[in-house]
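Fold and contact review
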Amino acid sequence: MIRVGLTGGIGAGKSTVAKTFIERGAYHVDADRIAREVVEPGTPGLAALVEAFGPEILAADGSLDRPALAARAFADPEGIQTLNGITHPLIGARTQELNEAAPADAVILHDVPLLVEGHMAPFYDAVIVVHTDADVRLDRLVNLRGMDAADARARIEAQATDEQRRAVADIWLDNSGSPDELAAQARRVWTDRLIPLRDNQLAGVPAELPTEPVPADPQWPAVGTRVVNRLWALLGGTATAIEHVGPTSDPTVPAAVGVIDARVTVADAAAADRAAELLSAGGFPPLPGAEPRVHATVDPGRPARVRIVVAD
Ligand SMILES: CC(C)(COP(=O)(O)OP(=O)(O)OC[C@H]1O[C@@H](n2cnc3c(N)ncnc32)[C@H](O)[C@@H]1O)[C@@H](O)C(=O)NCCC(=O)NCCS
Ligand SMILES: Nc1ncnc2c1ncn2[C@@H]1O[C@H](COP(=O)(O)OP(=O)(O)OP(=O)(O)O)[C@@H](O)[C@H]1O
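Quick notes on the rules
- Residues numbered from 1 in each chain as written.
- Chains lettered and ligands numbered in written order.
- Predicted model: local features only at pLDDT ≥ 70, side-chain atom pairs only at ≥ 80, totals over all residues.
- Heavy atoms only, no water.
- Buried < 20%, exposed > 50% of the residue type's maximum accessible area, 1.4 Å probe, protein only.
- Helix = DSSP H or I, 4+ residues; strand = E, 2+ residues; numbered from the N terminus.
- Arc of directions from axis to C-beta.
- Contact = heavy atoms within 4.5 Å.
- UniProt positions renumbered as here; feature names shortened; annotations may be inferred.
- Polar contact = N/O pair within 3.5 Å; in protein donor to acceptor, adjacent residues only side chain to side chain.

Now for helix 6 (residues 134-143). Taken as a whole, helix 6 has its buried residues at Arg137, Leu138 and Leu141. The buried residues of helix 6 all sit within an arc of 100° when viewed along its axis, so they share a single face. Summarising the geometry of helix 6, the exposed residues directed more than 90 degrees from the buried face are Asp135 and Asn143. On its buried face, helix 6 sits against helix 7 (149-158) and helix 8 (162-168).

It is worth spelling out the UniProt feature "binding site: ATP" (unreviewed entry) in the protein at this point. Mapped onto the present numbering, the UniProt feature "binding site: ATP" (unreviewed entry) falls at Gly11, Ala12, Gly13, Lys14, Ser15 and Thr16. Secondary-structure assignment places Gly11 in the loop between strand 1 (2-7) and helix 1 (14-23). Classification of Gly11 by relative accessible area gives buried; the value is 18%. Within the secondary structure layout, Ser15 lies in helix 1. The exposure class of Ser15 is exposed, given its relative accessible area of 53%.

For the rest of this paragraph, the subject is helix 7. One turn of the α-helix equals 3.6 residues, which is why residues spaced by three or four share an orientation. Looking only at helix 7, the buried set comprises Asp151, Ala152 and Ile156. The buried residues of helix 7 all sit within an arc of 135° when viewed along its axis, so they share a single face. Packing partners of the buried residues in helix 7 comprise helix 4 (66-73) and helix 6. Two or three places before Ala150, at the opening of helix 7, Asp148 has a side-chain oxygen 3.3 Å from that residue's backbone nitrogen.

Put into structure tokens, the structure is as follows:
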């Protein structure tokens, strides 16, 4: 199974991308839907919201009056913090249950608006960001969805910036064209990236690494940072240091083979064995034909090789 995070600012077009993947068999875990489940009538989540925001957030039938809560919660940063403090742990727990129920060959699509805000990017095999400029989103939310303009603005303000999303995006989908164009991009990502990634992970083999030098890519340091962050998420305390090394980490090289090389330092041989297991389970199986303790990614779109070294 692989876990793919899908995110984007409010109204960016995540639904179009999710629909395209679901039609192709993705196992959809939808944070907005879970957010509704955990505050249904009779839940501890709804009781906690009423205690924090008052009984005015309830409709006549006892269910949550969502616009009433939105008006209170998004009015100031403390309100947002209170809302998130109540709902996010409940959403996290339910998400975990759904992930555990996914079949072994699943492409789990975690549709989560606040992925960047929650610092969750390193916990996915791939992060997809759907991008639309904020002024276009505001226009669509107000004119196509009938959303209150002040509410839409407040949510955009409460969310991550484009720059923060770009920093974590393994795949960037631009939705400034038509919905059909966005769906076409999503179909290519599914076929050319996600399915090979999933199949490699199931087979326990890395994606083929390039061998020919190419002109230096200014994105290499940023990709290196993402790979290092992913490795920390996989290895945690098993590693003592994780670094982007080799030619793609050197901003002065004019050309290099486009592979992100990472070095994972561990304290002893037992930790090296543990790191190897964690890497294999997390999408970095051993690289066939290489010396022991050299692994490589299953992702064909982000070539990366990892060497585990035991500290002197
Ligand atoms: C305040 C609530 C009741 C308003 O409900 P409403 O039906 O108007 O919106 P809905 O839940 O469909 O969310 C629509 C979009 O608003 C944005 N949004 C929702 N909650 C938040 C938040 N806490 N911070 C920033 N943006 C948010 C997201 O882009 C989301 O996709 C609701 O959004 C809520 O319970 N939010 C807290 C849970 C949460 O953070 N959900 C986001 C996914 S984890
Ligand atoms: N390329 C597009 N051109 C015109 N309208 C679009 C386009 N993409 C999406 N929309 C419209 O913009 C609105 C927001 O799109 P959508 O619901 O897909 O975004 P979303 O990211 O899923 O939203 P949310 O953050 O609320 O979950 C919808 O009304 C949708 O029909």
